Amino acid sequence: AQSVTQLGSHVSVSEGALVLLRCNYSSSVPPYLFWYVQYPNQGLQLLLKYTSAATLVKGINGFEAEFKKSETSFHLTKPSAHMSDAAEYFCAVSGEGYSTLTFGKGTMLLVSP
Amino acid sequence: DTAVSQTPKYLVTQMGNDKSIKCEQNLGHDTMYWYKQDSKKFLKIMFSYNNKELIINETVPNRFSPKSPDKAHLNLHINSLELGDSAVYFCASSQGFYGTDTQYFGPGTRLTVL
């Protein structure tokens, strides 16, 4: 069984500040991990994914995430927040072979001027 | 141009009615999905089809019936709508059904049952 825990349903940052969105996973098999972003009234868009290659994964819009097996974490970071980053962010996990995506409950990122 | 499209975008209907949501993808993918996003934004998979064959049915009530006429289309029909069916329904597609495959999502259909 797989599960994802996203700490903090809301995260507030100022424009230009570091963004850190936390994701911890539980998986009985080696995991594949994803971060998706959902802008208001839109579908989900892939930011980045980890599929057992480099543990530091770079994505779109300046985001990156680091897979840490010892901590079962896959936190999402961005050095400098922009107003346009305000959205809902979802962490998701899947496994080897045939597998479905299991999503966390999401974290709303609020960016203030 | 849209990779995964859904119609309609909004659907408002009365309890007890039957309604359908259509999904089309032009990515040439073999696998398609339906997800339900509840009022707390929690996303849960409902169905998955691979090459028109149903491969996942996640304990969804029988009132929900997916149909895949071809690999590019996956429709969702809902009978006898209930208040609890109000949600945003997302269609998605991926090249295959492996854990590494990226899923591409449609814009969603907001269903409101009165």
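For the structure, see preceding data.
Structure report, in brief.

On to the side chain of Gln-103 of chain B, then. Inspection of the secondary structure puts Gln-103 of chain B in the loop between β9 (87-94) and β10 (104-105). Gln-103 of chain B gets classed as buried once you look at its relative accessible area, which sits at 2%. Apart from residues no more than four positions distant in its own chain, Gln-103 of chain B is found in contact with Tyr-36 and Leu-101 of chain A together with Tyr-33, Tyr-35, Ala-92, Ser-93 and Ser-94 of chain B.

Residue and element names in this part refer to chain B. Across the sheet, four strands lie side by side as β1-β3-β8-β7; this open sheet has antiparallel pairing. If you trace the sheet from one side to the other, it starts and ends with β1 (4-7) and β7 (64-70), each paired once. Shown here is a sheet whose adjacent strand axes are inclined to one another by a mean of 20 degrees, direction ignored. Bridge count between β1 and strand β3 (residues 19-25): four bridges; the pairing is antiparallel. Opposite Gln-6, over in β3, you have Cys-23 as the bridge partner.

Our next topic: the state of the cysteines. Enumeration according to the criterion identifies two disulfides over all chains in this entry. With its sulfur 2.0 Å from that of its partner, Cys-23 of chain A forms a disulfide with Cys-91 of chain A. On the S-S bond that ties Cys-23 of chain A to Cys-91 of chain A, the torsion sits near -65 degrees, and the link is left-handed. Note that Cys-23 of chain A is positioned in strand β3 (residues 19-27) and Cys-91 of chain A in strand β9 (residues 87-94), a separation of 68 residues in sequence. Relative accessible area serves as the criterion here: at 0%, Cys-91 of chain A is assigned to the buried category. Between the sulfur of Cys-23 of chain B and that of Cys-91 of chain B lies a disulfide, 1.9 Å long from S to S. Measuring handedness by torsion sign, the sulfur bridge of Cys-23 of chain B and Cys-91 of chain B sits at about -75 degrees and is left-handed. Here the residue Cys-23 of chain B occupies a position in strand β3, and Cys-91 of chain B occupies one in strand β9, the gap between them amounting to 68 residues. Both residues of the pair, Cys-23 of chain B and Cys-91 of chain B, belong to the buried class.

Two measures describe an aromatic ring pair: the distance that separates the ring centres and the angle between the ring planes. Taken as a whole and assessed by the stated rule, the structure comprises 15 aromatic pairs over all chains. Ring geometry for Tyr-25 of chain A versus Phe-67 of chain A: centroids 5.9 Å apart, planes at 25 degrees, classification stacked. Highlighted residues: Tyr-25 of chain A in strand β3 and Phe-67 of chain A in strand β7 (residues 64-68), separated in sequence by 42 residues. On the numbers, 5.5 Å between centres and 45 degrees between planes, the contact of Phe-63 of chain A with Tyr-89 of chain A is tilted. Highlighted residues: Phe-63 of chain A in the loop between β6 (56-58) and β7 and Tyr-89 of chain A in strand β9, separated in sequence by 26 residues. Judged by relative accessible area, which is 2%, Phe-63 of chain A ranks as buried. One aromatic cluster is present, formed by Phe-34, Tyr-36, Phe-90 and Phe-103 of chain A together with Tyr-33, Tyr-35, Phe-90, Phe-97 and Phe-105 of chain B through successive ring pairs.

About the cut-offs
- Residues numbered from 1 in each chain as written.
- Chains lettered and ligands numbered in written order.
- Predicted model: local features only at pLDDT ≥ 70, side-chain atom pairs only at ≥ 80, totals over all residues.
- Heavy atoms only, no water.
- Helix = DSSP H or I, 4+ residues; strand = E, 2+ residues; numbered from the N terminus.
- Buried < 20%, exposed > 50% of the residue type's maximum accessible area, 1.4 Å probe, protein only.
- Contact = heavy atoms within 4.5 Å.
- Pairing = 2+ DSSP bridges.
- Axes fitted to C-alpha atoms, helices over the stretch in contact; angles between N-to-C directions.
- Disulfide = S-S within 2.5 Å.
- Phe/Tyr/Trp six-rings, centres within 6.5 Å; stacked < 30°, edge-to-face > 60°.

Interpretation note: all reported values are geometric properties and have no functional meaning in isolation.
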